[in-house]
Amino acid sequence: MSGVDRLTKLYNEQIEVSRDENGGPRSFIWRKNVYLVTGYTVEKAPVDSFVFKRYAGPDRYRCETKQGLVCELVKQGDEWALERVWD
């Protein structure tokens, strides 16, 4: 981030993801373009309990792509979405 504030834009658009051996994103298709993921960090969702039910929110992957896109992908169940993009 080098001392400069970066802005984000929210999209929340479903995407198709190819996963690596750890289950994280290797590549994804967004708006008919293929993005190759060069690195990511994952924030696993905490499991909350409410009475006797347990549920977890989505896992979030902060990704950098070969094309220079910095974005956050969200995985909930088998569904993936591109949530936000940093400028």
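Residues numbered from 1 in each chain as written. Predicted model: local features only at pLDDT ≥ 70, side-chain atom pairs only at ≥ 80, totals over all residues. Heavy atoms only, no water.

Some remarks on the nonpolar core
- Grouped together as the largest cluster of nonpolar side chains are 14 residues, with contacts concentrated most on Ile15, Phe28, Trp30, Leu69, Cys71, Leu73 and Leu82.
- Sorting elements by how many residues they give to this core places strand S9 (residues 79–86) first, with 3 residues.
- Discounting residues that sit within four places of it in the chain, Trp30 has contacts with Tyr11, Glu13, Ile15, Tyr35, Leu69, Leu82 and Val85. (Core = buried A, V, L, I, M, F, W, Y, C linked by side-chain atoms within 4.5 Å. Buried < 20%, exposed > 50% of the residue type's maximum accessible area, 1.4 Å probe, protein only. Helix = DSSP H or I, 4+ residues; strand = E, 2+ residues; numbered from the N terminus. Contact = heavy atoms within 4.5 Å.)

Quick look at the sheet that holds S9
- Judged by pairing direction, the sheet is antiparallel, and its 7 strands sit side by side in the order S1-S9-S8-S7-S4-S3-S2 without closing on themselves. Each having just a single partner strand, strand S1 (8–14) and strand S2 (16–19) make up the two edges of the open sheet. The mean angle between the axes of side-by-side strands here comes to 30 degrees, regardless of whether they run parallel or antiparallel.
- Pairing geometry for strand S3 (residues 25–30) and strand S4 (residues 33–43), over 4 bridges, is antiparallel. From the neighbouring strand, Trp30 faces S4, where its bridge partner is Asn33. (Pairing = 2+ DSSP bridges. Axes fitted to C-alpha atoms, helices over the stretch in contact; angles between N-to-C directions.)

Describing the pairing of S9
- Burial of S9 is extensive: 6 of the 8 residues sit out of reach of the surface.
- The pairing of strand S8 (residues 70–76) with S9 spans 7 bridges and is antiparallel. Following the sheet pairing, Cys71 is matched in S9 by Val85.
- In sequence, S8 turns back onto S9 through a hairpin of 2 residues, with Gly77 there showing a positive phi of about 65 degrees.

Focus on unusual backbone geometry
- Backbone geometry at Asn12 places phi at a positive 50 degrees, although glycine is not the residue there.
- Position of Asn12 relative to the elements: it lies in strand S1.
- Of note, the phi angle at Arg31 is positive, near 55 degrees, even though the residue is not glycine.

Quick notes on the pairing of S4
- Two successive antiparallel strands, S3 and S4, enclose a turn made up of 2 residues, where Arg31 displays a positive phi of approximately 55 degrees.
- In terms of strand pairing, S4 meets strand S7 (residues 59–65) through 6 bridges, oriented antiparallel. Note on S7: the bridge partner recorded for Val42 is Tyr61.

Keep in mind these values describe shape, not function.
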